[in-house]
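What follows is each chain in one-letter form.
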Amino acid sequence: MRGCRGSTPVPGTETVRYGGNTTCIEVITDTGDTLIFDAGTGIRQTGLDLMAALPVKCAVFISHTHWDHIQGLPFFVPLFVPGNEISFYGGFDPVYRKSLQDILSQQMQYCYFPVRENELKASIRYTTLREGETVEYGSARITTLVLNHPVLNYGYRVEADGASFVFTGDYEPPVNIYSTDDEEYQDYQDIVETQLQRVTEFVQGSDLLIIDAQYTDEEYRDKAGWGHGTYRSGIELGRQAKVGSVLLTHHEPTRTDAQLDDIAHWIETEVRRDGDPQIRLANEGLELRISAREHG
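The notes below deal with the structure included here. Throughout this description, residue numbers start from 1 for each chain and increase along the sequence as written. It should be noted that, the model being predicted, local features are given only for residues of pLDDT at least 70 and side-chain atom pairs only at 80 or more, the latter also being counted only at that level, while totals for whole chains, interfaces and linings use all residues. For side-chain calculations, the full set of non-hydrogen atoms in the structure is used, while hydrogens and water are omitted.

**Considerations on the packing of helix 3 (residues 185-203) against helix 5 (residues 231-241)**
Let me state the cut-off plainly: Axes, fitted as lines to C-alpha atoms, cover a helix only where it is in contact. Angles between the N-to-C directions of the axes lie from 0 to 180 degrees. Segments assigned H or I by DSSP are reported as helices when at least four residues long, segments assigned E as strands when at least two residues long, and all are numbered from the N terminus. For classification, angles of less than 35 degrees are called roughly parallel, those exceeding 145 degrees roughly antiparallel, those between 65 and 115 degrees roughly perpendicular, and all remaining angles oblique. The sense of a crossing depends on the near helix, which, turned anticlockwise from the far helix by less than a right angle, makes the crossing left-handed and, turned clockwise, makes it right-handed. The contact criterion used is simple: two residues touch if any of their non-hydrogen atoms lie within 4.5 Å. The residue classification treats Ala, Val, Leu, Ile, Met, Phe, Trp, Tyr, Cys and Pro as nonpolar and Asp, Glu, Lys and Arg as charged. All others, Gly included, are polar.
The N-to-C vectors of helix 3 and helix 5 enclose an angle of 65 degrees; their axes lie 9 Å apart at closest approach. With respect to each other, helix 3 and helix 5 are oriented roughly perpendicular. When the axes of helix 3 and helix 5 are compared, the crossing they make is right-handed. Counting all contacts with helix 3, which are made through Val199, Thr200 and Val203, the residues of helix 5 involved are Leu237, Gln240 and Ala241. Partitioning the contact of helix 3 with helix 5 into residue classes produces four nonpolar, two polar and no charged.

**Some remarks on the pairing of strand 3 (residues 57-61)**
Keep this limit in mind: Exposure categories follow from relative accessible area, calculated using a 1.4 Å probe and restricted to protein chains: below 20% of the type maximum is buried, above 50% is exposed, and the middle band is partly exposed. A crossover gets the label right-handed when its path from the first strand over the helix to the second runs clockwise, viewed with the strands pointing away from the viewer. Strands qualify as paired when DSSP identifies two bridges or more between them.
With four of its five residues buried, strand 3 lies for the most part within the structure. Of the crossover connections in this fold, the one passing from strand 2 (residues 34-37) over helix 1 (residues 43-50) to the parallel strand 3 is right-handed. Where strand 3 and strand 4 (residues 85-90) come together, five bridges link them in parallel fashion. Paired with Lys57 across the strands is Glu85, a residue of strand 4.

**Quick word on the sheet that holds strand 10 (residues 208-212)**
Taken together, seven strands build an open sheet; the order of strands is 6-7-8-9-10-11-12 and the sheet is mixed. This sheet does not close on itself; its edge strands, each paired only once, are strand 6 (134-137) and strand 12 (278-281). Pairs of neighbouring strands in the sheet enclose a mean axial angle of 20 degrees, with direction left out of account. Sheet topology note: the strand 6/strand 7 (residues 140-146) ladder contains four bridges and is antiparallel. Across the sheet, the residue bridging to Glu136 is Arg141, located in strand 7. Set on the sheet, helix 3 makes contact with strand 7, strand 8 (154-160), strand 9 (163-167) and strand 10; between it and strand 7 the angle comes to about 170 degrees. Strands strand 11 (245-249) and strand 12 of the sheet are contacted by helix 6 (residues 257-271), whose axis makes an angle of about 165 degrees with strand 12.

**As for the nonpolar core**
What counts is decided by this rule: In this text, buried Ala, Val, Leu, Ile, Met, Phe, Trp, Tyr and Cys residues form a nonpolar core when linked through side-chain atoms within 4.5 Å.
By size, the foremost hydrophobic cluster in this structure holds 25 residues, and its most contacted members are Leu35, Phe37, Phe61, Ile142 and Phe165. For this core, the secondary structure elements donating two or more residues are strand 1 (25-28), strand 2, strand 3, strand 6, strand 7, strand 8, strand 9 and strand 10. If one sorts the elements of this core by residue count, strand 8 sits on top with four residues.

**Details of the pattern of salt bridges**
Condition: In the sections that follow, a salt bridge refers to a side-chain nitrogen of Lys or Arg positioned within 4 Å of a carboxyl oxygen of Asp or Glu.
The full count for this structure, using the stated rule, is twelve salt bridges. In this structure, Glu159 engages Arg157 in a salt bridge whose closest nitrogen and oxygen atoms are separated by 3.4 Å. On the basis of relative accessible area, Glu159 is assigned to the partly exposed category, the value being 32%. Relative accessible area serves as the criterion here: at 13%, Arg157 is assigned to the buried category. For Arg255, the salt bridge goes to Glu219, with nearest N and O atoms at 2.6 Å. Of this pair, Arg255 sits in the loop between strand 11 and helix 6 while Glu219 sits in helix 4 (residues 217-223), and the two are 36 residues apart along the sequence. Judged by relative accessible area, Arg255 falls into the buried class, the value being 6%. The exposure class of Glu219 is partly exposed, given its relative accessible area of 22%.

So, in C-alpha cells, the structure goes:
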C-alpha cells in the first residue's frame, strides 16, 4: 500500500503508522509487471522507487478522477524521463463528456502546475475502458465494474499468477431512498438488490478485497450519500462474496493512529465472526503476497 488515506493527505505526528498519503496501490506480478491503482499522493514515492531500475514500464489504472485519487500524478517522476513507458487506463466521464486524458491534462495546466502534460518526456498511452471490459497488461487480466460513487467510479478485479484481488476505489453500497410505506419503495428496492448482487458476483471468491471503509456506523448516519462505505459494510461484502481477506482503506482524514487502533480492536472483538475472512486495516507501506486459495 502506497497510500490509504481518503479525501486529503494528512501528514503529521498522529498519522505516522497508518500513513497520511491518499490512495495508491502498487502491484507487481510474478513476471515483474508493475500495475498501479490510483494516483493519490502515495504515487510520488512509488515513482521515486521505480526510478531505481530504468527504463520504467508500468500501467496506472484510475478508479475515478476525484482529486485525492489523481493529485499525485504531477509528482510521478517516471513521467518526466525519456524512455519510460506509462500506460493509463480509466473511464470516460459521461456527465462532463471528458476523457481520462482530458482530465489529467487539465490538472497540469499552467494555472495548476508549471509543467504541462505535452511537455512530459515519457511515452504515454491512454486507454478508455468500458464497464465489464477485460484488458490484459503483461500477465495480468483486469476487469471493470461501475460502483456507486458521485462520479463514474470503476472497481477493478485483477487476476494474475493464479490469484485474484478486487479494488473498489470509492464505494458506497446503494440503499433505498424511500420509506417502506412509500409507493415507490419496492421498485427501488429491487434495483438496490440487483446492484448489490452484481457487486457481490464481481467480488465473489477473490483472494483479497481492498475496499473503501471511510466511516463508522455513527458517522455514516450524517454522511449517507457522500459516496463512501463503512467498516461494517466492507466486512459484510467480504462475507457475502466469500473472499480470502478484507483490507479496509480510504481512512477518514481526521482519524488518528490511536483511533484506527481502537477501530481495529472493535472489529476484532465485536464485529468479527467465526468463518469470516481475514480482516485488517490498511496501512501505508503494507506489503502482501496474494496467494490463490483452495475453493471447495
